[in-house]
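# Working through the structure, step by step
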Amino acid sequence: MTSVPDPLGMLERMWLIRAFEERVSELYARNQIAGLLHLGIGQEGVAVGLAWGLEPRDRLFGGHRAHAHALARGADPARLLMEIAGRATGYCGGKGGTMHIAAPETGFVTATGVVAGNIPLALGSAYASTVSGDGALGVVAFGDGAGQTGSFHESLNIAALWGLPLLFVCENNGYAEFSPLSAHTKVERLARHAETYGIPAVTVDGNDAAAVLAAVRDGVDRARAGGGPTFIEALTYRLRGHYEGDPGKYRELSELADWKQKDPIARFVADQGLEAESPAAEARARAIVDAATDAALAAPHASVDQLRTQVTAEAVA
Amino acid sequence: MSSPETSAALGADPSDASDPSVMSDPPARAGWSRLSYAEGMALGLREALASDPTVRLMGQYFFGLTPWRRLTVDIRERFPDRVWDPPIAEIGYVGTGIGAAISGLRPIVDVATASFIFQPFSQVVNEAANIHYMTGGQTRVPMVIHVNHGIRGGGAAQHSHSPQAMLWNTPGIKIMTPSSARDVRGLLRTAVEDDNPVFWADHAKLFDYVDDVPDAEERIPFGVAEIKRAGTDVTIVGTSLMVRRALEAAEILAADGISAEVVDPRTLVPFDTETILESVGRTGRLVIVDECHQSCGVGAEIAARVAEHAFDALRAPIRRIATADVPIPFGRPMEELVEPSAAKVVTAVRSLLG
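Because the structure is predicted, anything quoted here is derived from the model rather than measured.

Procedures and definitions
Residues numbered from 1 in each chain as written. Chains lettered and ligands numbered in written order. Predicted model: local features only at pLDDT ≥ 70, side-chain atom pairs only at ≥ 80, totals over all residues. Pairing = 2+ DSSP bridges. Helix = DSSP H or I, 4+ residues; strand = E, 2+ residues; numbered from the N terminus. Right-handed = clockwise from strand over helix to strand, strands pointing away. Contact = placed C-beta atoms within 7 Å. Domains from an automatic or database assignment. Buried ≥ 20, exposed ≤ 12 C-beta atoms within 10 Å, placed from the backbone. Core = buried A, V, L, I, M, F, W, Y, C linked by C-beta atoms within 7 Å.

Here we come to the pairing of strand E7 (residues 201-205) of chain A. Put simply, side chains in a regular strand alternate between the two faces of the sheet. Residues and elements named next belong to chain A. As paired strands, E7 and strand E8 (residues 230-235) are joined by five bridges and run parallel to one another. Along E8, the bridge assignment pairs threonine 203 with glutamate 233. Regarding the hand of the β-α-β motif, the stretch spanning E7, helix H8 (residues 209-224) and E8 is right-handed.

Listed by partner, the interface residues are 36 residues for chain B and 37 residues for chain A. Secondary structure elements with two or more residues in the side of chain B that touches chain A: helix H5 (90-102), helix H6 (121-128) and helix H7 (131-134) of chain B. With 11 residues, H5 of chain B is the single largest residue contributor to the side of chain B that touches chain A.

Reports often express the size of an interface as the amount of accessible area lost when the parts come together. All names here are of chain B. Domain boundaries in chain B define domain 1 (5-214) and domain 2 (226-353). A straight line from the C-alpha centre of domain 1 to that of domain 2 covers 24 Å. Each side of the interface is counted separately: domain 1 has 25 residues, and domain 2 has 22 residues. Taken together, the elements giving at least two residues each to the side of domain 1 that touches domain 2 come down to helix H8 (164-168), strand E6 (174-176), helix H9 (181-193) and strand E7 (197-203).

Let's shift gears to the pairing of E7 of chain B. Residue and element names in this part refer to chain B. Burial analysis of E7 places seven of its seven residues in the buried class, the great majority of the element. The side-chain alternation of E7 yields two buried faces, one formed by Pro197, Phe199, Ala201 and His203 and the other by Val198, Trp200 and Asp202. Here strand E5 (residues 143-149) runs beside E7; their pairing, made up of seven bridges, is parallel. Of the residues in E7, the one forming a bridge with isoleucine 145 is phenylalanine 199. Sheet topology note: the E6/E7 ladder contains three bridges and is parallel. Residue pairing in the sheet places isoleucine 175 in a bridge with phenylalanine 199 of E7. Considered for its hand, the β-α-β crossover made up of E6, H9 and E7 is right-handed.

Membership of the largest hydrophobic core comes to 207 residues, with the highest contact counts inside it found for Ile236 and Val345 of chain B. Broken down by element, this core gets its largest block of residues, 10 residues, from helix H1 (residues 7-29) of chain A. Here this core spans two domains, since at least three of its residues come from each of domain 1 (5-214) and domain 2 (226-353) of chain B. With residues near it in sequence (within four places) discarded, valine 345 of chain B still touches Ile236, Arg245, Ala246, Ala249, Val287, Val289 and Ile321 of chain B.

Here is the structure:
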C-alpha cells in the first residue's frame, strides 16, 4: 500500500465520479438525456490519481470519455450534468455535450470526440508554458485505441524532440471501442512506444489510484525540473460498454466479474483503511449528484437564439 | 499589369530577374515603397513578430522553394528565438500550434504546399474550427495557418491543391486569399490579431508581383472587398492569383472597348457579398475566376449568392472559370488546359456580351 496525503479527498472524488456516471446512465436509460455517452465507471482511479498529482495551473486535455477527468479536476457536477443534458447553463451552453466538455478554470481545458485528436493540443499547451514561463504542464489523457494513430506517434516524437513539459496518460482499458487491443496491435504495452521515442515510461495498475498518483508525481517532478515528457500507461477496465447501450458481446461476463473484484474504489478503501469513512463519503457524493440532477433537469434547454453565436470569436474589447 | 511569375515558377533568382516589368517599375510615391508580394509577406511577418511577443512562426517554407526563401533567413536572424522548426509531421505540429494558441500564444503555422493540409485536416477542421463553438465560447484559437496553394507548374496532382473551398465549407475558420503585396501585408496583421484560426492561402506565382505598399503600418479589415479595376460592362470576381488573371483579361477586353470591373473579395470568411452585388447591379454580368476545382468551388458559392440575391440584375447567365474537375496533370499542355487563364476569362466575357 502506498500512502497518499489526502486519502479522504481522493475517495470522495472517486465516489462522486461513480455516482455521477451511474446517474448519467440512469438518465439515459430513462430517455431524459440523449447523445453518445462514454462513461468512466471503473476508471475512477486513473482520473483521481492523475488529478491529485497536478496543480491548478496544469492544463489537462481529455477525450471522448472525459466526465471523470473533468470532475476529478474539480468541475462543478451540476454544470457538467447540464452540459451533458444539453442545457443552456451547462459549461458549453449546451453546444458541446458529453464528448466536448470544457471547464478551463479548473484546468480541464477541453476534450475532443476524435480519438487522439487531443494529443497534439497538449503539446502546444506545454510549448506555450515554456514561452510564458507559467510552469503549467500539458497533460493529455487518452485510451489505448489512440496508440495506433498517426497523431499519437507524431506527438510522441515531437514532445521528445523538444523536451516538452508534458504527461501522456494512456488509460489502457484493453478495448478499443468494441474489440480487444490484440485485434488492433501486436504491441501489448503501449508504454513501449514511448521507449522508442526516448520518453521515460511506466506501466501502472490504473485501478490503484495511489499507484497512479505516485507515477504522476514522478512525471510531474521530471517535467517541472526540465526533464521533458513522461508516458504513464494505466491498466484499467471500463465496467460499462464503450458507449451507453453497447451490448458488449465482445467481452466475457467472467472477465467483467473478475474486474469488478478489482473495483478501484473498493481497492482504495481497503488499501487506505477507509472502511469507516467510505459509506458517508459515498452518501455525500450521491447527495451532490441528486442536487446536480435536480438542477440540471430544471435548467432551460440550450436556446435556438444561440445557434449562430460563437461560430467565431469576437474581439475582446 | 505585368506577369513576372515565370521566374518564380522556375526558381530563378529574382534579384537578377530579366523581366523588365519588375526592374523598371516607377519610383515609389513619398510614404510608399515598391515591394514584391513576397516582400510584403515578409514585412507583415516581421511587423507581427515585432508587435507582439506571443507571435511565433512554426515552419520555414513560407516562400516555398523559390529564391524568396532568403527572406525567411532574414526573419530568423532578426527573431532567433521566435521560429520553431517542426519535423515533417503535420498532424503533430499543426495540433501543437492549436494547443499553443489555446494556451496563450499566437502561432503562425506554415504547412507549406497546400496539398499537405490534408495531413492535419482533422486538426484544422475538427479541433481548430470547432473549439470555440463547442466550448460555448470558453476557448479561443488565435492562430494563422499558412499554405502556398495552386498550380505552380509541374506540381502535378499532389502539389497543386487549392483547398480554400473545402475550408469555406467549414464554419469556424476565417480565410484570406490576398493578391497583392499591400493586401497580404495588411491582411496578415489583421489575421494575427484575430482570435480565430485564420487560413492564409498564398500563391507562389504571386511572389514576384510588385505593388505600392504604405510605409506606415496598415491593418486591412477582413470582409471588405476591393474593386481592383472599375468598369461598367461586366464584373469579374477573382481571388488570390486569379485577381491577376482577371486584371490581365480586363486589359485585353479594354482594347476591344469592353469595360470590365475586377472585384477582389480579399477574404472568403468573412465574405463581402455586398460589394459584389453592387457591382453586378451596375454591370448586369458576372464572371468568376477561381483556382479551386469547379464543383463546389469558391466560384460556385459566389455564383449562388449572386443568383439568390441579384437575379433580377443579371442580364446574362453567370459564368465560372475554374480548374477542371480532374486531378492536376503533370504534363504542361494538360496543365494549361485545366487551369484558369486570362484567355478563358476573355472568352467567357465576350460570350456574355456577344
